[in-house]
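Per-entry structural report
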Amino acid sequence: MRFASAPAKLEDYKLNSQLSIIKDESFIKVVDKRTTLDESQKDSNLHDDEKRNVSNTSTLSSIICVVAGTGILAIAHAMSQSGWIGILFLILNACMSQFTGVLLIQCLYTNKNNTRFRDYADIGHMAFGKPGKLIGYIFSQSFLLLTPTVYMVMASENISILLLQNGFIWLNRKVCVWIISIMIGVPFVLVRNMKDVSFLSTFASMTTVCLLLIVCVVALSSDYLERINTVHHDIAIAKNIPLAFSTFSFSYFGHAIYPHLEASMITPERWSKVLLVSNCVVSILYFTMAFVCYLVFGNVVQSPIYKSLPLGSSQNIAMFVITIHVLLAIPFYLYIYTIRIELWFKDKQIKDSKLIQVATRISVILLCAIIAMCIPYFSDFMAVVSTMLCDILAFVLPTIFWMKLNWETRQGRLGLFLICSIIAIFGILCTLFGTIDVIQQLLTHGHII
């Protein structure tokens with residue numbers, strides 16, 4: 001995964017990529033074309049921590065784990081905020097996410113030295129120098145740190161409630177945060193590469209499907225179906241659209257993880273197809289959850305969705321399942337968050353780098369735990385993360401970076417540049433209006449004094 005290798009190694013691995021738009025009747029296809037050298041030469045440009053040893057199936061499950069994990073908890077509430085028009089937003093976000101996901105990976109291969117960029121920071125540096133690198137680094141690293149923190153907030157709430165129901169009244173939410181830190185700290189410290197975290201993501205993806213089944217079975221029971229005519233539904237709620245759209249964006253967001261997933265693939269030339277399949281699977285999960293829950297619960301559907309279920313075994317099982325998911329997913333985010341830090345120590349050839357790696361990972365776990373204890377509001381905290389980070393990382397930075405890196409070859413691709421410009425402007429507007437809405441929401445709930 002090392003960005004700068006010895007000159008002799010730069011010639012061992014050449015990966016040229018071009019993105020072309022093919023007009024096919026009523027739609028536009030983005031085709032990701034790559035030519036690669038033989039298998040023995042694929043890994044010569046990569047660091048030991050990111051060798052290409054992950055299959056397409058594992059990459060698929062990792063994307064589903066990252067994208068659908070918390071998204072499926074809030075998708076129905078986002079629908080209640082926007083109304084039935086949210087279905088169109090769901091489809092629009094899926095298409096935009098697929099487009100920018102391919103665009104982002106293509107940016108990784110625009111280095112004039114024929115080496116692959118590592119992440120947002122490297123792409124930003126190539127496009128806009130140090131300011132671009134700083135922006136890419138801050139936004140991507142903030143997301144990678146705050147997302148597992150959101151997970152810890154939710155998991156601690158769930159565990160404390162479940163334990164309280166069984167008489168463990170002394171195990172409050174803050175104590176559960178530290179219990180979670182220990183539980184996820186062990187696998188996080190032991191993770192060696194992307195293949196290890198991809199293995200964990202397979203089981204996390206299964207829990208997402210289990211949650212969907214539990215919620216839908218309960219929601220479609222006879223007790224709730226009889227109440228459908230008594231709940232309120234809206235076609236569209238204009239004032240809530242920016243905030244709702246940001247939640248939909250968050251539900252499809254995995255872009256901060258994508259460069260690292262693609263870097264670990266055995267067949268990176270199939271990235272666009274793997275991403276397309278994963279987005280289709282996630283869209284089916286989201287549509288089912290959003291449609292069923294908004295139909296049954298109407299405008300009173302809550303986030304996370306299991307709070308809309310009746311108290312008792314069904315809600316407890318749903319809470320347990322999603323807690324297992326987040327415990328498996330947290331090491332995934334934190335590993336990628338610490339990659340740059342650990343590689344910096346290795347590049348500096350500092351002694352006891354393994355000890356420093358362990359210390360770094362423990363420090364990151366502690367930081368997440370402290371933040372999780374200070375901000376115990378899962379729904380509002382997730383709204384802050386999705387509004388202020390996801391739209392920028394998913395829609396604004398990939399398109400702006402790509403246009404800057406390909407500006408000299410814009411002739412003949414003006415249609416693609418136009419699409420990128422529209423997506424970038426749309427992402428900026430959603431970020432601005434969504435931020436205003438989330439601040440008002442925090443003020444209303446008394447979380448900002």
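Structural data are supplied above this passage.
Residues numbered from 1 in each chain as written. Predicted model: local features only at pLDDT ≥ 70, side-chain atom pairs only at ≥ 80, totals over all residues. Heavy atoms only, no water.

**Examining the overall build of the protein**
- Per the secondary structure count, the protein includes 14 helices and two strands.
- Relative to its 449 residues, the protein shows a buried fraction of 55%. (Helix = DSSP H or I, 4+ residues; strand = E, 2+ residues; numbered from the N terminus. Buried < 20%, exposed > 50% of the residue type's maximum accessible area, 1.4 Å probe, protein only.)

**Some details on unusual backbone geometry**
- Cis geometry is adopted by the peptide bond preceding Pro-304, which originates at Ser-303 and carries an omega value of 0°.
- Among the secondary structure elements, Pro-304 is positioned in the loop between helix H10 (271-297) and helix H11 (313-347).

**What about the side chain of Arg-340?**
- Tracing the sequence through the fold places Arg-340 in helix H11.
- What makes Arg-340 buried here is its relative accessible area of 16%.
- Beyond its immediate sequence surroundings of up to four residues, Arg-340 is in contact with Arg-118, Asp-119, Ala-121, Asp-122 and Tyr-137. (Contact = heavy atoms within 4.5 Å.)

**Looking at the packing of aromatic side chains**
- Under the criterion given, the structure shown has twelve aromatic pairs.
- The interplanar angle of 90° and the centroid separation of 5.7 Å between the aromatic rings of Tyr-151 and Tyr-333 together place this pair among those described as edge-to-face. With Tyr-151 in helix H4 (residues 120-165) and Tyr-333 in helix H11, this pair connects stretches of sequence that are 182 residues apart.
- Both rings, one in Phe-287 and one in Phe-291, keep their centres 5.8 Å apart while their planes meet at 15°; by these two values the pair is stacked. Here the residue Phe-287 and the residue Phe-291 both occupy positions in helix H10, the gap between them amounting to four residues, near one helical turn.
- With a relative accessible area of 40%, Phe-287 lands in the partly exposed category.
- Grouping aromatic residues by their ring pairs yields a cluster made of Trp-84, Phe-287, Phe-291 and Tyr-294.
- One Lys or Arg, Lys-404, reaches over the ring of Phe-128 and ends 5.8 Å from the middle of that ring. (Phe/Tyr/Trp six-rings, centres within 6.5 Å; stacked < 30°, edge-to-face > 60°. Lys NZ or Arg CZ within 6 Å of the ring centre and 35° of its normal.)

**Some points on the pattern of salt bridges**
- If you walk through the whole model with that rule in mind, you get four salt bridges.
- For Arg-340, the salt bridge identified is with Asp-119, shortest N-O distance 2.8 Å. Residue Arg-340 is located in helix H11, and its partner Asp-119 is located in the loop between helix H3 (86-107) and H4; the two are separated by 221 residues in the primary sequence.
- You can call Asp-119 buried: its relative accessible area is 8%.
- Taken together, the shared-partner salt bridges connect Asp-119, Asp-122 and Arg-340 into one network. (Salt bridge = Lys/Arg side-chain N within 4 Å of Asp/Glu carboxyl O.)

**Some remarks on the side chain of Asp-119**
- A distance of 2.8 Å separates the side chain of Asp-119 from the side chain of Arg-340, its partner in a polar contact.
- Not counting residues within four places of it along the chain, the set of residues in contact with Asp-119 comprises Leu-108, Pro-259, His-260 and Arg-340. (Polar contact = N/O pair within 3.5 Å; in protein donor to acceptor, adjacent residues only side chain to side chain.)

**Some details on H4**
- Spanning 46 residues, H4 covers only 44 Å between terminal C-alpha atoms, well under the ideal 68 Å at 1.5 Å per step.
- The largest bend along H4 measures about 150° and falls at Phe-128, with the proline Pro-131 one to four residues further on.
- Of the residues flanking the start of H4, the one acting as N-cap is Asp-119, its side-chain oxygen 3.2 Å from the backbone nitrogen of Ala-121.
- Note on H4: the residue one or two positions beyond its end, Gly-167, has a positive phi of about 95°. (Expected span 1.5 Å × (residues − 1). Bend = angle between axes of the 7 residues up to and from the residue.)

**Quick look at the environment of Ile-375**
- Within the secondary structure, Ile-375 sits in the loop between helix H12 (353-374) and helix H13 (378-405).
- For the pair Ile-375 and Val-150, spaced 225 residues apart in the sequence, the C-alpha separation amounts to 8.9 Å.

**Some words on a nonpolar patch on the surface**
- Among the surface-exposed residues, Ile-425, Ile-428, Leu-429, Leu-432, Phe-433 and Ile-436 lie close enough to one another that they form a single nonpolar patch of about 550 Å² accessible area.
- Looking at the element boundaries, Leu-432 is found in helix H14 (residues 414-444). (Patch = residues over 30% accessible without salt bridge, like charges linked within 9 Å, V, L, I, M, F, W, Y side chains within 5 Å. Areas by Shrake-Rupley, 256 points an atom, 1.4 Å probe, with all protein chains shown as cover.)

**Quick word on the environment of Ala-424**
- Residue placement: Ala-424 occurs in helix H14.
- The spatial distance from the C-alpha of Ala-424 to the C-alpha of Val-396 is 4.3 Å, given a sequence separation of 28 residues.
- Aside from chain neighbours lying at most four places away, what touches Ala-424 is Phe-395, Val-396, Thr-399 and Ile-400.

**Remarks on the nonpolar core**
- In this structure, Phe-143, Met-152, Tyr-258 and Tyr-286 are the most contacted members of the largest nonpolar core, which totals 124 residues.
- The element contributing the most residues to this core is H11, with 16 residues.
- Contact partners of Met-152, with chain neighbours within four places excluded, come to Val-177, Ile-180, Ser-181, Ile-184, Ile-330, Cys-368, Ala-369 and Ala-372. (Core = buried A, V, L, I, M, F, W, Y, C linked by side-chain atoms within 4.5 Å.)

**Some thoughts on the packing of helix H2 (residues 56-82) against H3**
- Viewed as axis vectors pointing N to C, H2 and H3 meet at an angle of 125°, and their least axial separation amounts to 9 Å. Classified by the angle their axes make, H2 and H3 are oblique. Residues Ile-75, Met-79 and Ser-82 of H2 form the contact with H3, whose participating residues are Gly-86, Ile-87, Phe-89 and Leu-90.
- The class makeup of the residues in the contact of H2 with H3 is five nonpolar, two polar and no charged. (Axes fitted to C-alpha atoms, helices over the stretch in contact; angles between N-to-C directions. Parallel < 35°, antiparallel > 145°, perpendicular 65-115°, else oblique. Nonpolar A, V, L, I, M, F, W, Y, C, P; charged D, E, K, R; others polar.)

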